Amino acid sequence: MIRSMTGFGHGEMSNSQNQKVTIEIKSVNHRYCDISLKLPKKFAMYEAKIRNIMKEYANRGKVDIFVSYEDLSETAVSLHYNKAMAAEYMEVFRKMQEDFGIEVQVSAEQLARYPEVVSIEEVQQDEEVWWGLLEAALREAAEHFVETRTVEGENLRTDLMQKLSQMEADVDFIEQRSPDIIAEYRGKLEEKVKEFLEDTSIEENRIAAEVTLYADKIAVDEEIVRLKSHIASMRDVLEEEGSIGRKLDFMAQEMNREANTILSKSNDVALSDHAIELKTNVEKVREQIQNIE
């Protein structure tokens, strides 16, 4: 099944130590696979691993990954006493006492409130523990991400199939209408020549030559054959799996070229209407294909 380049996924994983990792994945259209990470500083070491895993789930698209965590474990933080800094404060207090003749009494509790005497530091956790949580949350989010892309991709496939059927109907009309245009032109040409010459005897070879030139000028047989081939090929590709967006885009460009040629050669109202409708549907197909991975 084809996949859209627009998707969303959410994953969350926690353990018995009250540690939790949450991941959100969002993506939009992009020519290549562009992965952007928003990571907490402590998870920076896992960036390469995250990118490698994400490439298993996405081949194209602008993919944004947001990672957050909570650590409510008992060993998450620890207090540190800076003895050297405390000694500097006490030395300053002693000098103030000597210089101004005042008594300075500082308790341990008061001293601990001064900057950098006591600090709270995050305890370095086991890297494997955090990576286990992060990988599990990432794969859960990525699975949901692929699911949303697949659902949207199926909607795109259905819409494209409908547009291909409409295009095929227009091509069939143009194919059937083209011989009638030539026959009508021949009839009008004969009438004008008879009226101009006021003579019922017309040189058939001259008429045939003129009609042949006109037929060559408006002939779209080759374009019709190629369009039918492209439509059939695109249907086949839409049934394939994997990344097919680039292949479809190339085929749509070829369809557009043939549709433009048919429209430029059209000088019949009915045929022109269908050629315009054909061109419009080709443009819609090209636009939709930009959403496919």
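So, here is what we can say about the structure in this document.

Scoring rules and cut-offs
Residues numbered from 1 in each chain as written. Predicted model: local features only at pLDDT ≥ 70, side-chain atom pairs only at ≥ 80, totals over all residues. Heavy atoms only, no water. Helix = DSSP H or I, 4+ residues; strand = E, 2+ residues; numbered from the N terminus. Areas by Shrake-Rupley, 256 points an atom, 1.4 Å probe, with all protein chains shown as cover. Core = buried A, V, L, I, M, F, W, Y, C linked by side-chain atoms within 4.5 Å. Buried < 20%, exposed > 50% of the residue type's maximum accessible area, 1.4 Å probe, protein only. Contact = heavy atoms within 4.5 Å. Salt bridge = Lys/Arg side-chain N within 4 Å of Asp/Glu carboxyl O. Pairing = 2+ DSSP bridges. Axes fitted to C-alpha atoms, helices over the stretch in contact; angles between N-to-C directions. Polar contact = N/O pair within 3.5 Å; in protein donor to acceptor, adjacent residues only side chain to side chain. Phe/Tyr/Trp six-rings, centres within 6.5 Å; stacked < 30°, edge-to-face > 60°. Lys NZ or Arg CZ within 6 Å of the ring centre and 35° of its normal. Patch = residues over 30% accessible without salt bridge, like charges linked within 9 Å, V, L, I, M, F, W, Y side chains within 5 Å. Expected span 1.5 Å × (residues − 1).

Glancing now at the overall build of the chain. Of regular secondary structure, the chain possesses 8 helices and 6 strands. N-terminal to C-terminal, the α/β element order of the chain is β-β-β-α-β-β-α-α-β-α-α-α-α-α. Accessible area of the chain: about 17400 Å², with a carbon and sulfur share of 51%.

Time to look at the nonpolar core. Ranked by internal contacts, the top residues of the largest apolar core, which has 29 residues, are Met234 and Leu278. Those elements giving two or more residues to this core turn out to be helix H4 (127–197), helix H6 (221–238), helix H7 (245–265) and helix H8 (269–289). In contact with Leu278, other than residues within four places in its own chain, are Met167, Asp170, Val171, Ile174, Leu227, Ala259 and Ile262. In terms of nonpolar packing, the next biggest core, distinct from the first, is built from 25 residues, Ile23, Ile25, Leu138 and Phe145 among them.

Let's shift gears to the pattern of salt bridges. A full pass over the atoms with the stated rule returns 21 salt bridges. Across the pair Arg139 and Glu56 runs a salt bridge, and its minimum N-O distance is 3.1 Å. Within this pair, whereas Arg139 is found in helix H4, its partner Glu56 is found in the loop between helix H1 (47–54) and strand E4 (61–71), the two being separated by 83 residues in sequence. The exposure class of Glu56 is exposed, given its relative accessible area of 52%. In this structure, Lys163 engages Asp159 in a salt bridge whose closest nitrogen and oxygen atoms are separated by 2.9 Å. Residue Lys163 and its partner Asp159 are located together in helix H4, separated by 4 residues, close to a single helical turn. Classification of Asp159 by relative accessible area gives buried; the value is 19%.

What follows covers the sheet that holds strand E2 (residues 19–28). One open sheet accounts for 4 strands, arranged E1-E2-E4-E3; its pairing is mixed. What marks the edges here is a single partner per strand, and that holds for strand E1 (7–14) and strand E3 (33–38). Geometrically, the sheet is characterised by an average inter-axis angle of 15° between neighbouring strands, direction not taken into account. With 6 bridges connecting them, E3 and E4 associate as parallel partners. Paired with Leu37 across the bridge in E4 is Ile65. Strands E2, E3 and E4 of the sheet are contacted by H1, whose axis makes an angle of about 140° with E3.

On the secondary structure map, Gln19 appears in strand E2. Overall, the relative accessible area of 3% leaves Gln19 in the buried class. Polar contacts involving the side chain of Gln19 include one to the side chain of Asn15, which spans 2.9 Å.

Here we take up the packing of aromatic side chains. In this structure the tally under the stated criterion is 8 aromatic pairs. Grouping aromatic residues by their ring pairs yields a cluster made of Phe43, Tyr46, Tyr69, Trp130 and Trp131. Over the ring of Trp131 we find Lys49, and its NZ or CZ is 4.9 Å from the ring centre.

Attention now moves to the side chain of Glu223. Along the chain, Glu223 falls in helix H6. Sequence-distant contacts of Glu223, defined by excluding residues within four places in its chain, comprise Glu258, Thr261, Ile262 and Lys265.

Right, let's get into a nonpolar patch on the surface. The grouping of Val92, Met96, Phe100 and Ile102 at the surface amounts to a nonpolar patch, some 370 Å² of accessible area in total. Locating Phe100 in the fold gives a position in helix H2 (residues 83–100). Among the residues examined, Phe100 registers a relative accessible area of 60% and is labelled exposed.

Turning our eyes to something else, we now look at the pairing of E4. Pairing between E2 and E4: 10 bridges, direction antiparallel. Bridging from a neighbouring strand, Val21 pairs with Tyr69 of E4.

Further remarks concern H8. Between its first and last C-alpha atoms H8 spans 30 Å; for 21 residues at 1.5 Å apiece the expected length is 30 Å, and the two agree. The complete set of buried residues in H8 reads Leu271, Ser272, Ala275, Leu278, Lys279, Asn281, Val282, Val285 and Ile289.

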